[in-house]
Amino acid sequence: MNTKKRADIDFLKTIAIIAVILYHFFDIQKASSKNFNFSLFDGGFLGVDIFLVVSGFLITGSIVSKLYSSEFSILEFYKRRLSRIYPPLITLCLFVAFFGYFLLLPDLYKEAVVETVNALIGIANFRFANSGGYFSLATVDKALLHTWYIALTIQFYILIPIILVTFKTLFKNKFRYAVLILTISLICIAPKFCVEGKGYLLTQCRIWEMFVGASLFLFKDDLNSFLVRENSKISVFYFYAGIIATIVSILTVRLNYGEYYVHTSAFTVVATCIVLFSNYQNSFILNRYTTLLGKTSYSLYLWHWPVFVFAFQCNTGLSVMSVGVIALILIATTFCSYKTLETKKVSAIFSLLCVLLIAACYVYVKKVDGTNYLQNYMIETQKSSFTEKYKNTDSIYFSKNNFSIDKIVASNEEEPKRFIIGDSHTGQYKSFYLNDYNNSIYFSSIAATMAFGEISANYKTVLPPPLNIYPVNRVTFFEFYKKMLDTLIPGSKVILACNWHVHYEIFIRENNLKKDTENYKKYIEAVVADLDSQIKKHNDLKFYIIGQGAYISRKDLQCTKLDLKDSFLRHVISQGNCKTFTDDIEDKTLMMNSALKKYADIHSNVTFIDRNIPLRQENNQILGYDDNHYPIYNDDHHYTFVGSKIVAKYIMNIVDEE
């Protein structure tokens, strides 16, 4: 069977590339705004699974036909693969290198340097896996993120000829059973590697799909004789059933809380296999128009993601004009790549030399300092040194499990009558208390942790990557909180400051719920119930609940940190548009703060403080940078030193005035 000219395979690849492109396009829109909720193509990532199975099927076919006739050469196979894969990939890397210099921020350009080297040597998937996993990455910061699949393909191409030749030598005509056993073994061990969000990218978790395709090719005749039995009607049934099942899987399969597992791909893999072994070529849906994208899928896959990333950096939106321009650019780059690089023979040695040259150039570029368009605001905004006033006075009042309650004593007051506790949204204020605050205070911050009552203290769920690097310390947090409430003298003031929103992820996982408005309301009710459980026991203390802060979109965040007076980017980015921004989770912020304020209003010893007030500008916009152009936000929800000082000063003025 000549697998190279099968229209059904090109049609499968058409489905796969459309799914991937639509998934990536809408994924970027979600990255630009947390309020973008279009989810129809959330299963589009499964298009890669189709590619993996098809690749295993086709490559095994190209090897086995020559293996049986003793004409196969591993060296020749590598040369053909090198000539097929690298010319378009090298061109893409040059494209990213050139346009990235103008359209990527310096830190992102340096990241692209590393990505390029890893892409060219075929290990990109491991780099991205060790950066937190595919679904947790800031995807719009990775111009070559999609090359993880190319890396996985390269690794398979290196392994499969060696494995097939070895098995053929050892097991003669029974070698295909050895391949089948290997495939089953890989399927069995793959789940062990699908942990911490890394499974989607790791070779040991995904290569089984390629070996399924390999095994399918080796046993296709057996399957046909058993299932089809040369009955064309049965073949037609399997073909359409497989196509429909493939499309349905893409439209219906969803990740469970953003985590990939082997069973996530199972339905799609089986559906793809059904189409492949049916080998039906006479369908009306198989024509040059429906298979065109499949034939050009490699070039289209290579070019679509960088085009999307660069378009995002240029602040394109979802207007018909913007989408049309992006589509035209993508069509042009794909056409040029396919016609001049894919269909033309390029010397394998030339490709290899280009790989080495580009890798060497990028390594050099990475080591030297290029033009930096970012202000040196980190030094100014993240300083945390002690002033003379507080030198050597920050002591541990209580500690457990490597966490502590710090006692920060001012010169004019010995025993603190204030206590602030929370997650990193308390931690961000510590520099203010050490450098600028004139009163003593107890201070405790445990990152990514919140437990003001029994409900949250008993949660067992760990936050998803990248926050999963923080251990679960809810019991310690709750113990600290209760201990201090019992220790503080009557009339003391307790300040509760958290990123209330981020712990919603814990709530839905713990209770196996979906993310929707009704469940967010249930989460808020749980938060209020937790707060009330301890507050009602301490009527002699005054509590201050600091509300939910605004989130800044990645695009606005980058804009606030730029100094573009000498940059080409000044022509495509208007910094004046990002001095203020709209809260990226505005609806949830309003819901949370409304509930917290309502609770405070009916309790005489509780005050709600809206920390967005000192940053709120006209038209309900939030301040992005101050008059000196120092950014207010360090990331999408934490303040810089400048921002934390503004907000903490506002909070403590209210606390100290009462």
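Residues numbered from 1 in each chain as written. Predicted model: local features only at pLDDT ≥ 70, side-chain atom pairs only at ≥ 80, totals over all residues. Heavy atoms only, no water.

Turning our eyes to something else, we now look at the pairing of strand β8 (residues 606-609). On β8, burial covers both faces: V606 and F608 on one face and T607 and I609 on the other are all buried. Alignment of strand β6 (residues 542-546) against β8, held across four bridges, turns out to be parallel. Of the residues in β8, the one forming a bridge with F543 is V606. (Buried < 20%, exposed > 50% of the residue type's maximum accessible area, 1.4 Å probe, protein only. Helix = DSSP H or I, 4+ residues; strand = E, 2+ residues; numbered from the N terminus. Pairing = 2+ DSSP bridges.)

A word on the nonpolar core. The biggest cluster of nonpolar side chains holds 111 residues, and the ones touching the most others in it are L89, W148 and I150. Here I150 is in contact with I85, L89, Y298, Y301 and L302, once residues within four sequence places are set aside. Formed by 43 residues, the second largest nonpolar core is a distinct cluster that contains I524, I535, A600 and V606. (Core = buried A, V, L, I, M, F, W, Y, C linked by side-chain atoms within 4.5 Å. Contact = heavy atoms within 4.5 Å.)

In this section: the side chain of N473. Mapping N473 onto the fold places it in the loop between α19 (454-457) and α20 (474-487). Residue classification places N473 among the buried positions, given a relative accessible area of 7%. Once residues within four sequence positions are removed from consideration, N473 is found in contact with F403, I446 and T449.

Let us look at the packing of aromatic side chains. Counting across every chain of the model gives 42 aromatic pairs. Ring centres of Y200 and Y260 lie 5.2 Å apart, and the angle between their planes is 80 degrees; this geometry places the pair in the edge-to-face category. Separated by 60 residues along the polypeptide, Y200 in the loop between α7 (175-189) and α8 (203-218) and Y260 in the loop between α10 (232-252) and α11 (262-278) bring together distant segments of the chain. Accessibility assignment for this pair places Y200 and Y260 in one class, buried. (Phe/Tyr/Trp six-rings, centres within 6.5 Å; stacked < 30°, edge-to-face > 60°.)

The residue K172 is not glycine, and still its phi comes out positive at about 55 degrees. Structurally, the position occupied by K172 is in the loop between α6 (147-171) and α7. On the accessibility criterion, K172 (55% relative accessible area) is exposed. Even without being a glycine, N279 presents a positive backbone phi close to 50 degrees. By the secondary structure assignment, N279 is in the loop between α11 and α12 (292-295).

The next point concerns the pattern of salt bridges. The final tally for this structure, using the stated rule, is 16 salt bridges. Measuring nitrogen to oxygen at the nearest pair gives 2.8 Å for the salt bridge that ties R84 to E342. Of the two residues, R84 is situated in helix α3 (residues 74-103) and E342 in helix α14 (residues 320-342); the sequence distance between them amounts to 258 residues. Residue classification places R84 among the partly exposed positions, given a relative accessible area of 30%. In this structure, K515 and E505 form a salt bridge, with 2.8 Å as the shortest nitrogen-oxygen distance. Of this pair, K515 sits in the loop between α21 (504-510) and α22 (517-535) while E505 sits in helix α21, and the two are 10 residues apart along the sequence. Members of the salt-bridge network, linked through shared partners, are D49, R206 and E209. (Salt bridge = Lys/Arg side-chain N within 4 Å of Asp/Glu carboxyl O.)

This next bit is on α11. Taking 1.5 Å as the rise per residue, α11 with 17 residues should run 24 Å; its terminal C-alpha atoms sit 24 Å apart, in good agreement. Helix geometry: α11 is bent most strongly at T268, by close to 25 degrees. For α11, the tally of buried residues reaches 12 of 17 residues, placing the bulk of the element in the interior. Every buried residue belonging to α11 is among V262, T264, S265, T268, V269, A271, T272, C273, V275, L276, F277 and S278, and all of these are buried. One or two steps after α11, the chain reaches N279, where phi turns positive at roughly 50 degrees. (Expected span 1.5 Å × (residues − 1). Bend = angle between axes of the 7 residues up to and from the residue.)

To continue, consider the packing of α7 against α8. Two numbers describe how α7 lies on α8: the axes approach to 9 Å, and their chain directions differ by 155 degrees. One element, α7, and the other, α8, form an angle in the roughly antiparallel class. Pair α7 / α8 crosses with left-handed handedness. For the pair α7 and α8, the contacting residues are F175, R176, V179, L180, L182, T183, L186 and I187 in the first and I207, W208, F211, V212, S215 and L218 in the second. Of the residues contributing to the contact of α7 with α8, the split by class is 11 nonpolar, two polar and one charged. (Axes fitted to C-alpha atoms, helices over the stretch in contact; angles between N-to-C directions. Parallel < 35°, antiparallel > 145°, perpendicular 65-115°, else oblique. Left-handed = near helix turned anticlockwise from the far one by under 90°. Nonpolar A, V, L, I, M, F, W, Y, C, P; charged D, E, K, R; others polar.)

In terms of burial, strand β5 (residues 493-497) is a largely internal element, five of the five residues being buried. Taking every second residue as pointing to the same face, both faces of β5 are buried, with K493, I495 and A497 on one and V494 and L496 on the other. Examined bridge by bridge, strand β3 (residues 418-422) and β5 share five bridges and lie parallel to one another. When the bridges of β5 are listed, I420 appears paired with I495. As defined by bridge partners, β5 adjoins β6 across five bridges and the pair is classed as parallel. Each bridged residue has a counterpart across the sheet, and for I495 the counterpart in β6 is Y544.

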